[in-house]
Amino acid sequence: MSTTASAFTPSVSAQRADGQAIGYLMQQGIENADCLSLAAGFVDPETLPTALVDKTASRLLSDSETGKLALQYGTTGGSDRVRAVFRDYLARLEGDEDRVHNVPLDQIMLTTGSQQLLALLTEAIFNEGDICLVAAPTYFVYLGVLDGVGAQVIPVKTDDNGMCPDALDAELRRIDELGQLHKVKLVYVVSYHDNPAGISVSNDRRPKLLEVTKRWSQDHPIYLLEDAAYRELHYDGEELPSIWSFDTGYDSGDQQHVVLSQTFSKSFSPGLRVGLSVLPPELVKPISDLKGNQDFGSGHLSQNIVAEVLRTGEYWDHLAGLRTSYRAKRDAMVAAAEEFFSGIDGVTWRTPAGGLYVWMSLPEHIPTGFDSPLFARATEVDKVMYVPGELCYPSGWEDRPRHQMRLSYGVLAAAGIREGMRRLASAVRAVIDSK
Ligand SMILES: Cc1ncc(COP(=O)(O)O)c(C=O)c1O
């Protein structure tokens, strides 16, 4: 008996996920495998803690008690035993033991990387057409998540000190005047050494962004999603308090506005997929319900491994080594920018105090997108890849800048970084000269 294949139409959600920048970028990475990649946002393979994870997993599994616990299901948001260790970790990061220990364990949620939390939170609070305000530029994978729920994404002016509170205020006023304030659900900020621009929200702006968000929360809470993915990859300058630390609702029992999202992907191992968040109480149930539909709990063994290195303190030793190594790679990229780009008119870049990225701007008439002459020249002739900056702005924004690049020093060693930058400068010069 033969069967005839009938036409398959993916769901609206699947169609919205199609054509997102991350998929295209991955594809470009595969097609241009012969290129040096300044594009991949991956962490440095040389610093992944293989021996430490091996030792820790063996220790956990060789004891039948801890081994059985770790190989069993946890609970949807993570077992209390493990969450308590993560809360201690947060207390140390925040430097305020009492405040953090007052947060009930069920407001602390463990997810499959922080990406899952970003997706679950978005699904929990957005209906079609609701509004999210984002820093411009911002983490492009999250823009895809917002597109996935049919959100309207509004860029907010961002400078070297992060999202501008006055610009956020002005956007919210404009939205209110249009009678659309009820649709605003979220302000999204990558608060430390952000992806893509390596910018941190300055100390004075942290409480201000929160104050503006709260002030416009008139008949429903507008949340501020503080994505602190790069918080611990800090190389120089002062360590900043989280925006979450200014959310007095956590202390007074009033409405809480900040969702704090952290991850062990950048500071330890992305393969373990351990994300940690702190949620206002009313978000716990909807997010847990949605997560329950997906997996009723993230990898318990991974969570136990991270909890164990936190408990022994080995995590912090690892982090210290990581910072030294990334600082040197950051310096290598900035030195190479100086060496190869300083002679090219109109090219500027930022030196980040942490994270994995250098953000470079070219003269405005030199577009960097996937279909630009520069991308073609870089990948086909000079054999180097970067992330086009335009991906990091809302796709519906007609006036988005198109002349920037995100360059990562995460994966390559110092020599590769220098060579990548040499090749990129050669491509940029060739395109400028051809104009
Ligand atoms: C700003 C930002 N947030 C969140 C994530 C998600 O990472 P993970 O799911 O590995 O925690 C990333 C990954 O690159 C990121 O750059």
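Sequence order sets the numbering: in each chain, residues are counted from 1 along the sequence as written. In keeping with the model being predicted, local features are shown solely for residues with a pLDDT of at least 70 and side-chain atom pairs are shown and tallied solely at 80 or more, while totals for entire chains, interfaces and linings include all residues. To get the side-chain values, take all heavy atoms of the structure and skip hydrogens and water.

Looking at an unreviewed UniProt entry, one finds the chain named 2-aminoadipate transaminase and attributed to Fuerstiella marisgermanici. Per UniProt, the chain carries the Cofactor (unreviewed entry) text "pyridoxal 5'-phosphate". UniProt positions are given in the numbering used here, feature names are shortened, and annotations may be inferred rather than shown by experiment.

Our next topic: the domain arrangement of the chain. Boundaries of every domain are those given by an automatic assignment or by a domain database. Along its sequence, the chain is carved into domain 1 (18-47 + 317-433) and domain 2 (51-312). Its C-alpha centre places domain 1 at a distance of 26 Å from the equivalent point of domain 2. Facing the 30 residues of domain 1 at the interface are 32 residues of domain 2. When the shortest N-O distance is used, the salt bridge between Arg 350 and Asp 160 registers 3.1 Å. Think of it this way: any DSSP run of H or I at least four residues long counts as a helix, any run of E at least two long counts as a strand, and we number them from the N terminus. Looking at which element gives the most residues to the side of domain 1 that touches domain 2, the answer is helix α14 (residues 314-341), with seven residues. Residues are sorted three ways: Asp, Glu, Lys and Arg are charged, Ala, Val, Leu, Ile, Met, Phe, Trp, Tyr, Cys and Pro are nonpolar, and all the rest, Gly among them, are polar. Split by residue class, the side of domain 1 that touches domain 2 holds 19 nonpolar, six polar and five charged. Working rule for contacts: check all heavy atoms of both residues, and any pair within 4.5 Å makes them a contact. Salt bridges, as used here, are contacts in which a Lys or Arg side-chain nitrogen is within 4 Å of a carboxyl oxygen on Asp or Glu.

Two cysteine sulfurs form a disulfide in these notes if their separation is within 2.5 Å. In the structure shown here, the tally under the stated rule is zero disulfides. No disulfide involves Cys 35; its nearest neighbouring cysteine sulfur is the one of Cys 392, lying 19 Å away. Unpaired in terms of disulfides, Cys 164 finds its nearest cysteine sulfur in Cys 132, a separation of 17 Å.

Before going further, it helps to examine the packing of aromatic side chains. How two aromatic rings sit relative to each other is set out by the distance from centre to centre and by the angle between their planes. Centre distance within 6.5 Å is the pairing criterion for rings of Phe, Tyr and Trp, where only the six-membered ring of Trp is used; planes under 30 degrees apart are then read as stacked, over 60 as edge-to-face, and the remainder as tilted. On inspection of all chains with the given rule, the structure shows 15 aromatic pairs. Judged by centre distance (4.3 Å) and plane angle (40°), the ring pair of Tyr 142 and Tyr 188 falls under tilted. Separated by 46 residues along the polypeptide, Tyr 142 in helix α8 (residues 140-148) and Tyr 188 in strand β6 (residues 184-190) bring together distant segments of the chain. Of the residues examined, Tyr 142 reaches a relative accessible area of 0% and is grouped as buried. Charges are assigned to positions over rings by a cutoff of 6 Å between ring centre and Lys NZ or Arg CZ, combined with an angular limit of 35 degrees from the ring normal. Directly above the aromatic system of Trp 244 lies the positively charged group of Arg 99, at a separation of 4.3 Å from the ring centroid. Burial here depends on accessible area, computed with a 1.4 Å probe over protein chains only, as a share of the maximum for the residue type. Under 20% is buried, over 50% is exposed, and the range in between is partly exposed.

For the rest of this paragraph, the subject is the nonpolar core. The tendency in soluble globular proteins is for nonpolar side chains to be buried as a group. Counting 141 residues, the largest nonpolar core has Phe 86, Tyr 142, Phe 264, Phe 341, Met 360 and Met 421 as the members making the most contacts within it. The element contributing the most residues to this core is α14, with eleven residues. Summarising the domain contributions, this core has at least three residues from each of domain 1 (18-47 + 317-433) and domain 2 (51-312). Those residues in contact with Phe 86, other than ones at most four positions away along the chain, are Leu 110, Phe 264, Val 274, Leu 276, Gln 303, Val 306, Ala 307 and Leu 310. Note on terminology: a nonpolar core comprises buried Ala, Val, Leu, Ile, Met, Phe, Trp, Tyr and Cys residues joined through side-chain atoms within 4.5 Å.

Topologically, Ile 222 is positioned in the loop between α10 (205-215) and β7 (223-227). The class of Ile 222 is buried, set by a relative accessible area of 0%. For the pair Ile 222 and Val 258, spaced 36 residues apart in sequence, the C-alpha to C-alpha distance is 9.1 Å. Residues contacting Ile 222, with those up to four places away along its chain left out, are Leu 172, Val 184, Lys 185, Leu 186, Val 187, Thr 213, Trp 216, Ser 217 and His 257.

What follows covers a nonpolar patch on the surface. Patch construction takes residues with relative accessible area above 30% that form no salt bridge. Like charges are linked within 9 Å, and nonpolar side chains (Val, Leu, Ile, Met, Phe, Trp, Tyr) are linked within 5 Å. Here the accessible surface of atoms and residues is derived via Shrake-Rupley with a 1.4 Å probe, and residues count as covered only by protein chains that are part of the display. Taken together, Ile 22, Met 26 and Phe 42 make up a surface patch of nonpolar side chains, about 290 Å² in accessible area. Mapped onto the elements of the fold, Ile 22 is located in helix α2 (residues 21-31).

This part is about the environment of Ile 305. Take Ile 305: it is sitting in helix α13 (residues 300-312). Residues Ile 305 and Thr 56 lie 249 residues apart in sequence; the distance between their C-alpha atoms is 6.3 Å. Among residues more than four places away in sequence, those in contact with Ile 305 are Val 53, Thr 56, Ala 57, Leu 60 and Leu 272.

Between helix α15 (residues 373-382) and helix α16 (residues 414-433), whose axes approach to 9 Å, the crossing angle comes to 130°. It follows from the interaxial angle that α15 and α16 lie oblique. Of the two elements, α15 crosses α16, and the hand of that crossing is right-handed. Each of Pro 373, Leu 374, Arg 377, Ala 378 and Asp 382 in α15 lies in contact with α16, whose residues at this interface are Arg 423, Ser 426, Ala 427, Val 428, Ala 430 and Val 431. Per-class residue counts for the contact of α15 with α16 are seven nonpolar, one polar and three charged. Simply put, an axis is a line fit to the C-alpha atoms, just over the touching stretch for a helix, and the angle between two N-to-C directions goes from 0 to 180 degrees. Should an angle lie under 35 degrees it is considered roughly parallel, over 145 roughly antiparallel, and from 65 to 115 roughly perpendicular; all remaining angles are considered oblique. Should the near helix be turned anticlockwise from the far one by less than a right angle, the crossing is termed left-handed; should it be turned clockwise, right-handed.

All right, on to the pairing of strand β3 (residues 131-136) then. Burial of β3 is extensive: six of the six residues sit out of reach of the surface. For β3 and strand β4 (residues 152-159), the ladder comprises six bridges, and the chain directions are parallel. Paired with Ile 131 across the bridge in β4 is Gln 152. In terms of handedness, the path from β3 via α8 over to β4 forms a crossover that is right-handed. Sheet analysis places β3 next to β6, joined by four bridges and oriented parallel. When the sheet's bridge partners are listed, Leu 133 is paired in β6 with Val 187. Whether two strands pair comes down to DSSP finding at least two bridges between them. A crossover gets the label right-handed when its path from the first strand over the helix to the second runs clockwise, viewed with the strands pointing away from the viewer.

Sites flagged by UniProt as "domain: Aminotransferase class I/classII large" (unreviewed entry) map to residues 58-388. This span, residues 58-388, is 45% helix and 17% strand, and a straight line between its end C-alpha atoms measures 42 Å.

Here the focus is the site of the ligand. Here a residue is considered near a molecule or strand provided that any single heavy atom belonging to it is located within 4 Å of it. Around the ligand sit 13 residues, and of these Asp 227, Tyr 230, Thr 263, Ser 265 and Arg 273 come closest. Separating an oxygen atom of the ligand from a side-chain N or O atom of Asn 195 is a distance of 2.9 Å. Polar contacts here mean pairs of N or O atoms no more than 3.5 Å apart (in protein, one a potential hydrogen donor and the other a potential acceptor; neighbouring residues in sequence count only if both atoms are side-chain atoms). Between an oxygen atom of the ligand and a side-chain N or O atom of Tyr 230, the distance comes to 2.6 Å. With three residues, the top contributor of residues to the shell around the ligand is helix α7 (residues 113-125).

In any sheet, the strands associate via hydrogen bonds between backbone groups, in a parallel or an antiparallel arrangement. If you trace the four strands from one edge of the open sheet to the other, you get β10-β11-β14-β13, paired in antiparallel fashion. One side of each edge strand has no neighbouring strand; the edge strands of this open sheet are β10 (348-349) and β13 (387-388). Pairing geometry for strand β11 (residues 357-361) and strand β14 (residues 404-408), over five bridges, is antiparallel. If you follow Trp 359 over to β14, its bridge partner there is Arg 406.

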